[in-house]
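# Survey of secondary and tertiary structure
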Amino acid sequence: MKKRLKPSQKYGSAKKHRSHESTKPSPHQQGTDEQGAIIKRSKGLIKTALVYPNTYGTGMSSLGFQTVYRLANQVEIVACERVFLPDPRQKCRHIKSVETGLSLDRFDIILFSISFENDFLHLVQLLKETGIPLRSTNRNHTHPLVVAGGVACFLNPEPIAPFMDLFLLGEAECLLEVFFEQFQKTEDKATLLFTIEDKLPGAYVPSRHLPILYSNQETLSNFPPATIEVQYLDTLDRVKTTTTITTSQTAFKDTFLIETLKGCPHGCRFCTAGFIYRPPRIYPLETIYQAIDEAKDKTRKVGLVSSAILDHPDIHLICQYARDRDLKLSFSSLRADKLNDQIIQILADSGVKTATIAPEAGSQKMRNIINKKITREEILRAVEKLVTQGIINLKLYFMIGLPLETDQDVDEIVSLTLAIKAIFLETSKKKKKIGNITLSINPFIPKPSTPFQWSAMALESILKHRVNIIRQGLKKTANVSMNFESLREAKHHALLSLGDRDTADIIETAAQHGWTQAMKTNKEYCNMVIYQEKPRAQEKIKQIPPENITRKLLPWNILRHRVSDQFLAGEFKKAEQEKKSVSCPMDDCNLCKICISS
Ligand code: SF4
């Protein structure tokens, strides 16, 4: 097989390479006002296209994507350039990089960074529009190596596995350098794909594994597939996750983002961040101070990012440090039970006018079932404090279709919102100004590697009925608006989250002919994946050997995270008993042992 491991265009030797951080706007449409792009024009470098399978604005809002870009370009032998889905308004749909305008098919490596399953379709579109054969089996040494990573992949890579030569599963800091070294020194693509799993933990070559299909459970009992250890940093002492490129063309316009904590200690049973990133890890104060100092030279706004912002033990010092440097602060999420006067004052001083709180469920029963350890009183108290301090608009996140949910529980979303509105009215009277309450209501989608991974999605008819309960209940309430996520898109999202390799055919059909036809022609399979409860191992399959009994049922069981399946099954049981669980003490796991598989 003719090797194409070496870059197609001869760039001469690495030694003489020059790289510079471009401060002038890039030549191409996307990213015209960027600060911080890295352009390495040099010989013998591995040309890597880092592809975010969505538009520039969406991709550049991803801190994960920006971090992979910086890390890849820190590898001496790599020239990493960004590629996005062309803006639908753009006439020219030539898929090319932002840095040098190089066409996607001219790169040595195409590295997809995927945060959301819904972008799986765009990945297919990008490969097709570039003329690169979609399936790994149809590509040869003349084609770029096609690789994928990102949280959507290390939750469940199987729906796109047939399109990938290789996955890099886990946190980029654990994977990129060794991967590029192996690429550089391995003779050809076939050898790389044959050897990389042994050389790099977290590397996954789908073509080398028997897939876990919902339809081949019996086969598995004879050929239990290997598992891939998803890679996580033990500590965050020597890393940072911050904005690399500032630009006004993203959701975080000219905001310097700083991640303060990875994971979340609270363990809400529907949420992946509370389980796959266990134990939650904290960035040292010094690292965050340095990031704030870096930010102050580039912008006036700093965004603190984490699933559990207020759980960083030094959050007040961090806020004060930024405020002392006259920087405005914004927060990615706020837990009502952790909101105190000091934090609210900092928000108000930063000119924040809208706060976001996520009760997720209306009734205490449902909040216990999902392990959202917040009471109605805590929510109402937080609202009162926020409005009193002048943060007069509120965004509330709720889910419908949760396991064990009833219509009465949805009625309680209405009554909780009305109670919040009453506080609004009362508190705003004194302020002579009333703000808006915006409800964002999303259908529950079961997610891999969470306690609800075995659950089914609620039928569309039930979801429609529950949407109607909320609509009817709040339609006459002034200053309250409701955004309902599309039930149709949620169904697609569920399929892309829970599917096995057979889902790849449906993705390809959907990309070509649209979702309606794709779902129609695969109705039985889609309904099985989306609406059927998945057998929790212990109950169903007695004939599978004990050592495999807990893991070989679900497509994503080819992956191994640190949290154990037994812990997840135990959390599911507690949900059925409407019992809450203690939060992760963020202690030494070897001592704690609550959830980590030994
Ligand atoms: S073992 Fe304990 S400390 Fe470690 S992640 Fe689990 S709950 Fe947290």
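What surrounds the ligand is the set Arg-278, Pro-279, Cys-584, Pro-585, Asp-587, Cys-589, Cys-592, Lys-593, Ile-594, Cys-595 and Ile-596. When grouped by side-chain class, the residues that make up the shell around the ligand number 8 nonpolar, no polar and 3 charged.

Let us look at the environment of Gly-303. Within the secondary structure layout, Gly-303 lies in strand β13 (residues 301–305). With 55 residues separating them along the chain, Gly-303 and Ser-248 place their C-alpha atoms 14 Å apart. Sequence-distant contacts of Gly-303, defined by excluding residues within four places in its chain, comprise Thr-255, Phe-256, Leu-257, Ile-258 and Ser-330.

Moving on, we get to the packing of aromatic side chains. In this structure the tally under the stated criterion is 14 aromatic pairs. Seen from their ring centres, Phe-452 and Phe-572 are 6.1 Å apart, and the 90° between their planes marks the pair as edge-to-face. Of this pair, Phe-452 sits in the loop between β17 (437–443) and α14 (460–474) while Phe-572 sits in helix α21 (residues 565–576), and the two are 120 residues apart along the sequence. Judged by its relative accessible area of 0%, Phe-452 falls in the buried class. You can call Phe-572 buried: its relative accessible area is 6%. Linked through ring pairs, Tyr-52, Tyr-56, Phe-65 and Phe-84 together constitute an aromatic cluster. When the ring centre of Phe-194 is taken as origin, the NZ or CZ atom of Arg-208, which lies over that ring, is 4.6 Å away. The ring of Tyr-321 carries Arg-325 above its face, with NZ or CZ at 3.4 Å from the centroid.

This next bit is on the pairing of strand β16 (residues 393–400). Along β16, 6 of the 8 residues are buried, which leaves the element largely enclosed by surrounding structure. By the bridge criterion, 7 bridges tie β16 to β17 in an arrangement that is parallel. Among the inter-strand pairings, Leu-394 is bridged to a residue of β17, identified as Ile-437. Viewed along the sheet, the connection from β16 through helix α13 (residues 407–431) into β17 turns out right-handed.

Below, the discussion takes up the sheet that holds β13. In any sheet, the strands associate via hydrogen bonds between backbone groups, in a parallel or an antiparallel arrangement. Pairing in this open sheet of 3 strands is parallel, and the strands run β10-β13-β14 from one edge to the other. Edge positions in the open sheet fall to β10 (255–259) and β14 (328–331), since each of these has one partner strand only. Each strand of the sheet is rotated relative to its neighbour by a mean of 25°, with strand direction disregarded. Inspection of the sheet shows β10 paired to β13 by 5 bridges, in the parallel sense. In the strand pairing of β13, Thr-255 is matched with Lys-301. Packed onto the sheet, helix α8 (residues 285–296) meets β10 and β13 and runs at close to 170° relative to β10.

Here the focus is the sheet that holds β16. Judged by pairing direction, the sheet is parallel, and its 4 strands sit side by side in the order β15-β16-β17-β18 without closing on themselves. Edge strands, defined here as strands with exactly one partner in the open sheet, are β15 (354–360) and β18 (480–484). Strand-to-strand, the axes of this sheet are offset by a mean angle of 20°, without reference to chain direction. Sheet contacts for helix α12 (residues 376–388): β15 and β16; angle to β15, the most-contacted strand, approximately 175°.

Quick look at the nonpolar core now. Phe-112, Phe-331, Ile-420 and Leu-439 are the most contacted members of the largest nonpolar core, which totals 146 residues. No other element matches α13, which puts 8 residues into this core. Ignoring anything within four residues of it in the chain, the contact list for Phe-331 reads Leu-304, Ile-309, Leu-310, Ile-315, Cys-319 and Leu-347. Core analysis: the second largest hydrophobic core is formed by 37 residues, Leu-50, Phe-84, Ala-172 and Phe-183 among them.

Before going further, it helps to spend a moment on helix α10 (residues 341–349). Taken as a whole, α10 has its buried residues at Ile-343, Ile-344, Ile-346 and Leu-347. The buried residues of α10 occupy one face: seen down the axis, they fall within an arc of 160°. On its buried face, α10 is in contact with α9 (315–324), β14 and α12. Positive phi shows up at Gly-351, right after α10, with a value of about 80°.

The next subject is the pattern of salt bridges. Two side chains bearing opposite charge may form a pair once their charged atoms approach each other closely. Within this structure, the stated rule accounts for 27 salt bridges. For Asp-505, the salt bridge identified is with Arg-135, shortest N-O distance 3.0 Å. Taken together, the residues span a long stretch of sequence, with Asp-505 in helix α16 (residues 503–513) and Arg-135 in the loop between α3 (120–130) and β6 (145–149) at a distance of 370 residues. Judged by its relative accessible area of 41%, Asp-505 is partly exposed. Among the ionic pairs, Arg-135 bridges to Glu-508, the shortest N-O distance being 2.7 Å. Note that Arg-135 is positioned in the loop between α3 and β6 and Glu-508 in helix α16, a separation of 373 residues in sequence. One network of salt bridges, in which partners are shared, links Glu-34, Arg-82 and Glu-99.

Conventions used here
- Residues numbered from 1 in each chain as written.
- Predicted model: local features only at pLDDT ≥ 70, side-chain atom pairs only at ≥ 80, totals over all residues.
- Heavy atoms only, no water.
- Near = heavy atom within 4 Å.
- Nonpolar A, V, L, I, M, F, W, Y, C, P; charged D, E, K, R; others polar.
- Helix = DSSP H or I, 4+ residues; strand = E, 2+ residues; numbered from the N terminus.
- Contact = heavy atoms within 4.5 Å.
- Phe/Tyr/Trp six-rings, centres within 6.5 Å; stacked < 30°, edge-to-face > 60°.
- Buried < 20%, exposed > 50% of the residue type's maximum accessible area, 1.4 Å probe, protein only.
- Lys NZ or Arg CZ within 6 Å of the ring centre and 35° of its normal.
- Pairing = 2+ DSSP bridges.
- Right-handed = clockwise from strand over helix to strand, strands pointing away.
- Axes fitted to C-alpha atoms, helices over the stretch in contact; angles between N-to-C directions.
- Core = buried A, V, L, I, M, F, W, Y, C linked by side-chain atoms within 4.5 Å.
- Arc of directions from axis to C-beta.
- Salt bridge = Lys/Arg side-chain N within 4 Å of Asp/Glu carboxyl O.

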